[in-house]
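Given next are the chains, with one letter for each unit.
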Amino acid sequence: MPEGNLIQAGDFNTLDPWKAAFNRSTLDTYQASTGDCVDNRLRITQRSAWYSGASQDLTEALAEGGTFKLSLKARLDAATANQRVYATLRLRDSAGFRYQYLAAHALNGTDWATLESEFEPDWRGTPQKAELLIYGPNPGLDLLVDDASLVKVKAPTPTHLFSSSFETGLENWKSGWGARLGLIQDSYDGNRALSVSGRDRWADAAWQDLTGIVRANTDYTVDLHVKHDARQGSQPYVLYLLYRDSRGWHWQRLLSARKTGGDWQALSATFSVRTDTVTNARLYVMGPAAGVDFALDAVVLDQR
Ligand SMILES: [Ca+2]
Ligand SMILES: [Ca+2]
């Protein structure tokens, strides 16, 4: 069994995490003696339909997405011609439910067939449930299964709703009140960052329009990096969302944190706007005392 097996009891030493799929079969343990050892296998009996089989809930393992590798062995208990075995995911999410076929294999005599698949779960909305199903031969035929494993081979690629690196310009960042915006070559990431200078008030800011991106009652994370001169000591930073709903404009404070100068500092906030509908949204970065210039880089907004 591989390290980090996401299938529980893939060796079938217990059957607790396994269920009879659709309640159309019975699961029991088949003990094979190999030398001095006993190897436990799953036996699926009393199969009343071709889709009668075994299932395991993999919601927790698959909900975050990514690339996975599945492997398992299956064979018939008694040789019968022209049979196949399938490994399939049954997915349910906010967009509905669907079957995702992972692997199929012909069964020859009572030889073990190895089913293998590298796949990304086909989520199309917020994940709710994922089940692995193992099934396939004609009704009445007993199926043996062993050595089931699932490992994550690649983390999901994050899909940012919005990001700014300032590598190609101001990227539609705007000045809030009196601040001056420009590009500097001192960057957290890449070669450039945004400078916010000429600030007469703590509220002189840089802001970005997130209208159409930030919606009502949805969870977001915003990450960004800021920096000011070491001689200015520690300074407060404040992130605000200015949004408009059916009742007008509102300021929502996302984060307030003091940061020391001289180095890039991470700011991270999670938020959601609890209202009926968001018709306009702007992200503001402000906070250091009047007269303190600061720089901004690597802004990323993700839905959680
Ligand atoms: Ca086993
Ligand atoms: Ca940059």
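Everything that follows concerns the structure shown earlier in this document.
Please read all numbers here as calculations on a predicted model, not as lab measurements.

Draft legend 1. Highlighting the layout of surface pockets. Empty space within the largest pocket amounts to approximately 600 Å³. In terms of residue class, the lining of the largest pocket is built from eight nonpolar, eight polar and six charged. Roughly 150 Å³ of internal volume is contained in the second largest pocket. Considering the residues around the second largest pocket, the lining is formed by Ile 184, Asp 186, Ser 195, Lys 227, His 228, Asp 229, Gly 262, Trp 264, Asp 293, Phe 294 and Ala 295. Looking at side-chain class alone, the lining of the second largest pocket contains four nonpolar, three polar and four charged residues.

Draft legend 2. Inspection of the packing of aromatic side chains at higher detail. Tallied over the full model, the rule gives 17 aromatic pairs. Seen in terms of ring centroids, Phe 97 and Tyr 99 are 5.9 Å apart; in terms of plane orientation they differ by 80°. Their pairing is edge-to-face. Judged by its relative accessible area of 47%, Phe 97 falls in the partly exposed class. A relative accessible area of 37% places Tyr 99 in the partly exposed class. Aromatic pair Phe 166 and Trp 173: ring centres 5.9 Å apart, planes at 55°, arrangement tilted.

Draft legend 3. Here's a closer look at the sheet that holds strand S8 (residues 113–119). Strand order in this open sheet of five strands is S2-S3-S10-S5-S8, and the pairing throughout is antiparallel. Both outer strands of the open sheet, strand S2 (26–34) and S8, are each paired with one neighbouring strand and no more. Strand after strand, the sheet turns through a mean of 35° between neighbouring axes, direction not considered. Looking at chain direction, strand S5 (residues 67–76) and S8 are connected through seven bridges and run antiparallel. Across the sheet, residue Leu 72 finds its bridge partner in S8, namely Leu 115.

Reading guide: rules and limits
- Residues numbered from 1 in each chain as written.
- Chains lettered and ligands numbered in written order.
- Predicted model: local features only at pLDDT ≥ 70, side-chain atom pairs only at ≥ 80, totals over all residues.
- Heavy atoms only, no water.
- 1 Å grid on protein atoms, 1.4 Å probe; cavity = no way out; pocket = protein on both sides within 12 Å on 5 of 7 lines; lining within 4 Å.
- Points joined across faces, edges and corners; volume = space filled by probe spheres on them.
- Nonpolar A, V, L, I, M, F, W, Y, C, P; charged D, E, K, R; others polar.
- Phe/Tyr/Trp six-rings, centres within 6.5 Å; stacked < 30°, edge-to-face > 60°.
- Buried < 20%, exposed > 50% of the residue type's maximum accessible area, 1.4 Å probe, protein only.
- Pairing = 2+ DSSP bridges.
- Helix = DSSP H or I, 4+ residues; strand = E, 2+ residues; numbered from the N terminus.
- Axes fitted to C-alpha atoms, helices over the stretch in contact; angles between N-to-C directions.

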